[in-house]
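Below, each chain spelled out in residue letters.
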Amino acid sequence: MDRAARGLESRDRAFVHELAYGVSRLRGRLDHLLSLRVSGGLERLDQGILEILRIGAYQILYMDGVPRYASVSQSVAQARTVSGRGAAGLVNAVLRSVAEHGIDPKAFPPFEEDALAHLETWGSHPRWLLQRWLGRWPAPEVKGLAEANNRKPSLFLVPMSGDVAEAETLLAGVGVGARPVGQGSLCLQLEAGTDPMVALGALPSFIQDPAANLVTRYADVPAGMKVADLCSAPGGKALAVSAQASYTLAADRSLVRMRMVRDNARRTGCPLGMVVADARRPPLRGVDVVLLDVPCTGTGTLGRHPDGRWRLDEVALADMVSLQRALLDEAAKLIPIGGFLIYSTCSLEAEENEDQVSAFLERRPDFTLAPTDAVSDGFLDGRGHLVVLPQRHGFDGAFAARMRRAS
């Protein structure tokens, strides 16, 4: 979506961004409301017409700057182009009914009576994922997670200097409001509507959520060690640990994504080594610390990537678990005695996190968990893993395990 909107004027780009992300974020809610207005249910509709209805309904219900008549007429015109007069008539009738009835909370299953149905419709999350979460946390906490995922995410900046107070002053000098996040992170939360390029131009810095920044704080890389970040793009974690490392190598299998790392390194003046390499066959040796921020389902970042909740399924989860296992085993081969392996994800799922680490430690008894006190106990579970949860901490979700090769 960002690529498609790149050539638009800033106002039009903001409109498209709001519409695309808003429809993805509230698709479950919109579909429930539309199902009340479509005779025979949404299953009978062509996918193109359903998307037009979702877009029209979102504009009517959530975008006050768009007149309702304009939302209806534009949607009708699109439907006529896509499927003809019959579809246009259906879209006209359904969206006029949506506009008339608005958002009535009583039209949704009550949370107290059926938490799953409520969270699937009003909470706008897929049933299979909610069932997993309800098996792990109490229903009110899962409700809090759904609400966190449905809020528009904030933008956070990390100063390369680590001096948050100075960064706040420099940002104020270019008209950017920011406040320190605290809680052990080095992030500043930028005021809503900030142009990130203006903020990044004010000081050497990079964009990073506090959860990801806490992963690098938790990694607690000992001074003077050589570090390899094997899944580094866009480079935030490599940049964050480079200050204490004697050398930091950033690697990723994607040339396009490595260009993002290169651009961030040049902009911040950070001397990263860079290589395009597959973490399943890392062409490296002589490193002391490996950061392994593995590909994952990303269920901790569904607020920032709302379309992810609709693309995921249990098959994708199983595939990710298999890939992560392979990456862990290869990364472990690089670690010398006394070295560290930092495994991290932006997932909330136990199979990708605690279970993955436990299985690895069973395969490799020469590795042990080696947590530090570099982050608050509030972010650590009983075994010393880093666990950041959107519903509890207000950030993206993240998990990390710091492991040391003992013998």
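Residues numbered from 1 in each chain as written. Predicted model: local features only at pLDDT ≥ 70, side-chain atom pairs only at ≥ 80, totals over all residues. Heavy atoms only, no water.

Draft legend 1. Looking closely at the nonpolar core. The biggest cluster of nonpolar side chains holds 42 residues, and the ones touching the most others in it are Trp133, Leu230, Leu292, Leu341 and Met403. Listing elements by their share of this core, those giving two or more residues are α6 (115-121), α7 (127-134), α8 (139-149), β8 (289-293), α15 (314-332), β9 (340-345), α16 (354-363) and β12 (398-405). For Trp133, the residues in contact, after removing those within four places along its chain, are His125, Val142, Leu145, Asn149, Thr299, Leu302, Leu348 and Glu349. One finds Leu34, Leu42, Leu53 and Met63 within the second-largest nonpolar core, a separate group that totals 31 residues. (Core = buried A, V, L, I, M, F, W, Y, C linked by side-chain atoms within 4.5 Å. Buried < 20%, exposed > 50% of the residue type's maximum accessible area, 1.4 Å probe, protein only. Helix = DSSP H or I, 4+ residues; strand = E, 2+ residues; numbered from the N terminus. Contact = heavy atoms within 4.5 Å.)

Draft legend 2. Examining the packing of aromatic side chains more closely. Summed over the entire model, instances satisfying the criterion amount to three aromatic pairs. When the ring centre of Trp122 is taken as reference, the NZ or CZ atom of Arg29 above it lies at 3.7 Å. Above the plane of the ring of Phe340 lies Arg402, whose end atom (NZ or CZ) is 4.2 Å from the centre. (Phe/Tyr/Trp six-rings, centres within 6.5 Å; stacked < 30°, edge-to-face > 60°. Lys NZ or Arg CZ within 6 Å of the ring centre and 35° of its normal.)

Draft legend 3. Structural context of the pattern of salt bridges. All told, the structure shown has 19 salt bridges when counted by the stated rule. Note that Arg132 is salt-bridged to Glu349, the shortest N-O span being 3.0 Å. Here Arg132, found in helix α7, pairs with Glu349, found in the loop between β9 and α16; they are 217 residues apart in sequence, far enough to count as distant. Looking at Arg132, the relative accessible area reads 22%, which means it is partly exposed. We classify Glu349 as buried; its relative accessible area is 4%. The shortest N-O distance in the salt bridge between Glu354 and Arg136 comes to 3.7 Å. (Salt bridge = Lys/Arg side-chain N within 4 Å of Asp/Glu carboxyl O.)

Draft legend 4. The arrangement of the packing of α7 against α8 in detail. Following both chains from N to C, one finds α7 and α8 inclined at 135°, their axes separated by 9 Å at the closest point. Looking at the two axes, α7 sits oblique to α8. Taken as a pair, α7 and α8 cross one another with a handedness that is right-handed. Here α7 contributes Leu130, Trp133 and Leu134 to the contact with α8, which in turn contributes Ala139, Val142, Leu145 and Asn149. Considered class by class, the residues forming the contact of α7 with α8 number six nonpolar, one polar and no charged. (Axes fitted to C-alpha atoms, helices over the stretch in contact; angles between N-to-C directions. Parallel < 35°, antiparallel > 145°, perpendicular 65-115°, else oblique. Left-handed = near helix turned anticlockwise from the far one by under 90°. Nonpolar A, V, L, I, M, F, W, Y, C, P; charged D, E, K, R; others polar.)

Draft legend 5. Summary view of the environment of Asp209. Counting through the fold element by element, Asp209 comes out in the loop between β4 (205-207) and α11 (210-219). Spatially, the C-alpha atom of Asp209 lies 22 Å from that of Ala20, the residues being 189 residues apart in sequence. Dropping the residues within four chain positions of it, Asp209 is found in contact with Phe156, Cys187, Arg304, Phe395 and Asp396. Reaching out from Asp209, the side chain makes a polar contact with the backbone nitrogen of Ala211 at a distance of 2.9 Å. (Polar contact = N/O pair within 3.5 Å; in protein donor to acceptor, adjacent residues only side chain to side chain.)

Draft legend 6. Seen up close, the sheet that holds strand β2 (residues 178-180). If you trace the four strands from one edge of the open sheet to the other, you get β2-β3-β1-β4, paired in antiparallel fashion. The outermost strands of the open sheet, each flanked by one partner alone, are β2 and β4. Looking at each pair of strands side by side, their axes are set apart by 30° on average, direction ignored. With three bridges joining them, strand β1 (residues 155-159) and strand β3 (residues 188-190) adopt antiparallel strand pairing. Looking at β3, one finds that Phe156 is bridged to Gln189. (Pairing = 2+ DSSP bridges.)

Draft legend 7. Structural view of unusual backbone geometry. The peptide bond linking Ala233 to Pro234 adopts the cis configuration, its omega dihedral lying at 5°. When you line up the elements, Pro234 lands in the loop between β5 (226-229) and α12 (236-241). In this structure, Ser124 takes a positive phi of about 60° despite not being glycine. With respect to the helices and strands, Ser124 occurs in the loop between α6 and α7. Here the phi dihedral of Gln183 falls at roughly 55°; this positive angle occurs in a residue that is not glycine. Summarising the element assignment, Gln183 is placed in the loop between β2 and β3.

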